[in-house]
Amino acid sequence: MTALVVSAQKAAEKLGRGCKASQRSRQHSLLDTLVLAWQYAPMLSARENQSSLTRGSSIKGLSVSNEVPISSPKPELSFWRPLLEGMATLLFLLLACGIPSISKAQMDCATITTLYHFSGGVEGGNVNGLILGGDGDIYGTTFGDGVYTALADGSLNPYGGNGTAFRITTNGVLIWSVSFDGTNGANPVAELLQANDGNLYGTTYYGGANGAGTVFRLSLNGVLTSLFSFNFTNGYGPLRLVQGKDGSLYGTTSVGGPRYTYLGGPHHNIPSEMGYGTVFGITTNGLFTNLFFFSSTNGATLKGGLTEGSDGSFYGTTSAGGTNDMGTMFRIYKNGNLTTVYSFTGGDDGGSPNGSLVLGRDGNLCGLTSSSGTNSGFGTVFRFKTNGVLTTLVSFNGTNGACPNSLLQSRDGSVYGTTQFGGVFTNEFGSAPPYEGSIQFSYGTIFEIDCNDVFASVISFNLTNGVAPTGLFQGPDGTFYGSTQDGGTNGLIFVLGSGRFATGGNGTLFRMNTIPYAPAFRGAALSGNVITFTWSTAITGTYQVQYATSCDHSVWHSLGGELLATNNTMTASDLVNSDSQRIYRIVRILSPAQR
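Here is a short report on the structure shown in this document. Remember, it's a predicted structure, so these values are computed and weren't measured experimentally.

Quick look at the nonpolar core
Right, on to step 1. Counting 34 residues, the largest nonpolar core has Val 215, Val 279, Phe 330 and Ile 332 as its most contacted members.
Right, on to step 2. Within the residue set of this core, elements represented by two or more residues are strand 15 (224–229), strand 16 (236–243), strand 17 (249–255), strand 20 (278–282), strand 21 (288–293) and strand 24 (328–332).
Right, on to step 3. With four residues, the top contributor of residues to this core is strand 16.
Right, on to step 4. Apart from residues lying up to four places away in sequence, Val 279 is in contact with Gly 251, Thr 252, Asn 290, Leu 291, Phe 292, Phe 294, Leu 306, Phe 330 and Ile 332.
Right, on to step 5. Counting 15 residues, the second-largest nonpolar core is a separate cluster that includes Leu 463, Val 467, Ala 468 and Leu 472.

Quick look at the structure:
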């Protein structure tokens, strides 16, 4: 009698259940293998549990939906066609060959390499987000330190310097830094933007002619030009810039507007009315336009920039105001027409949105709230569809992060992000301190949400490699880079009193290598004498289909050349021939940076 034999082996039997980056990172490929065998055998068997398969049985979550024919006069196509057509999912059991298939929910094998520890000297301290320039170098800003100069009103900056902008290589070599002097700006809080003209543009939260912040241009050689100074009534505390499809720059201010009044000097003043924040546009030559002033009922106090949608409008969030005073999400057109599309309740949907939205490939928006949710109020990640439906993807619980502050969509479709606080925490006293220390003053995390909305906490910071990550970007080779606001070589933990803890240090720049996940077979189809199978991929990943005809897998043959993934799945086909069996495997070819 002839039957189809399918073999499966648990991943844990090959490498163990723990994820050992030191072993896996040395490999040059990741595999998933399928056995398609038409042999003389009494029945279909699964070697994983040494048991026969019957209707309703399953192996590794794949169900048997049909009875299995157990006899046929000879191993011909008429025998195994119904098996392939009726049991496609059963045939593609995950067989680990040398390296197991690791689900993205188990992606806890990222590694952090600190490239630069900021000293708080002339290069600055308390690092904001980073960008990768077109020349391959990293550009960023720091909130504090730099060359110490007096402010425009002659007073000293209480933050210990006005901050800097810097250029550094991906290997951690500082090329230059430029210090803000108060008159041209002070204390930036956002990452830079490289515009179409090749120059860098950014904002400072304070400083300038009026002390309310500035917009500046920065050449790749470090020449800084102030383009515009805010005056409180047109905005105060500008945040991240974005370049629209029309070439102009657009941004938000945290507070300020016509309602703003203040007492005191032009810097670090004492306001009697802060204003609710603004949206503005500015050309690369400094021509400024106020687009919108918030009024509390439609939002107040912004903590992130704008994101341009596919229709040319911009989306953003406010951290307060709205129907429930828990923040809003809004859409605004370039003519200043603004619509509130969602008001947060402070319940399961979260409250006090933080950071900028991310536009997904599917046209939906992802964003963050810094509070509320279902787990003790540590914030959420949400998806918002343009039809007005909001879905909470993650509620943070402190251990897996708290107060998320940045998002990035990677090229494989996953979303990565950072939390300012939370994560695994142990202090020098041997245990987590009380509530304020264990959550508010723990060190922050990096997390991932894959294409199936599966969450994984990837990295917990530990003070020496940084505190309070501020954002990520992905390099052309798939490597992630990021920064932390505090911590590093000069980091320390100290008691403030009353059981409260704080951390020192001036921030870090780091590289994060994730251990790539293996491909996994997803299905099969048979048409005539052609079998076509599908497997999961990471976008931009390189794959090769191989086959063997011997059960000992001693010789593998390539089925075509290497394939570059442009989607989350790929397919390949093969002709049925006279071989008694074929064992197929998908090999992911890793780049040198991924090995």
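We are not done yet, so read on.
Remarks on the environment of Leu 193
Right, on to step 1. Positionally, Leu 193 belongs in strand 12 (residues 193–194).
Right, on to step 2. Assessed through its relative accessible area of 16%, Leu 193 is described here as buried.
Right, on to step 3. If we skip the residues at most four places from it in the chain, Leu 193 touches Ile 131, Asn 199, Leu 200, Tyr 201, Leu 241, Val 242, Gln 243 and Leu 249.

Let's talk about the side chain of Ser 483
Right, on to step 1. Tracing the chain through its elements places Ser 483 in strand 35 (residues 480–486).
Right, on to step 2. Polar contacts involving the side chain of Ser 483 include one to the main-chain carbonyl oxygen of Asn 128, which spans 2.7 Å.
Right, on to step 3. Excluding residues within four positions of it along the chain, Ser 483 makes contact with Val 127, Asn 128, Gly 129, Leu 130, Pro 469, Thr 470, Gly 471, Thr 508, Leu 509 and Phe 510.

Quick look at the environment of Gly 182
Right, on to step 1. Structurally, Gly 182 is set in the loop between strand 11 (174–179) and strand 12.
Right, on to step 2. Given a relative accessible area of 2%, Gly 182 falls into the buried group.
Right, on to step 3. Along the sequence, Gly 182 and Gly 163 sit 19 residues apart, while their C-alpha atoms lie 9.2 Å from each other.

Describing the sheet that holds strand 23 (residues 314–318)
Right, on to step 1. Taken in spatial order, the four strands of this open sheet run 22-23-24-25, and their pairing is antiparallel. On the outer flanks of this sheet lie strand 22 (307–308) and strand 25 (338–343), each paired with one strand and no other.
Right, on to step 2. In the sheet, strand 23 pairs with strand 24 via five bridges, with the strands oriented antiparallel. Across the sheet, the residue bridging to Phe 314 is Ile 332, located in strand 24.

Calculation criteria
- Residues numbered from 1 in each chain as written.
- Predicted model: local features only at pLDDT ≥ 70, side-chain atom pairs only at ≥ 80, totals over all residues.
- Heavy atoms only, no water.
- Core = buried A, V, L, I, M, F, W, Y, C linked by side-chain atoms within 4.5 Å.
- Buried < 20%, exposed > 50% of the residue type's maximum accessible area, 1.4 Å probe, protein only.
- Helix = DSSP H or I, 4+ residues; strand = E, 2+ residues; numbered from the N terminus.
- Contact = heavy atoms within 4.5 Å.
- Polar contact = N/O pair within 3.5 Å; in protein donor to acceptor, adjacent residues only side chain to side chain.
- Pairing = 2+ DSSP bridges.

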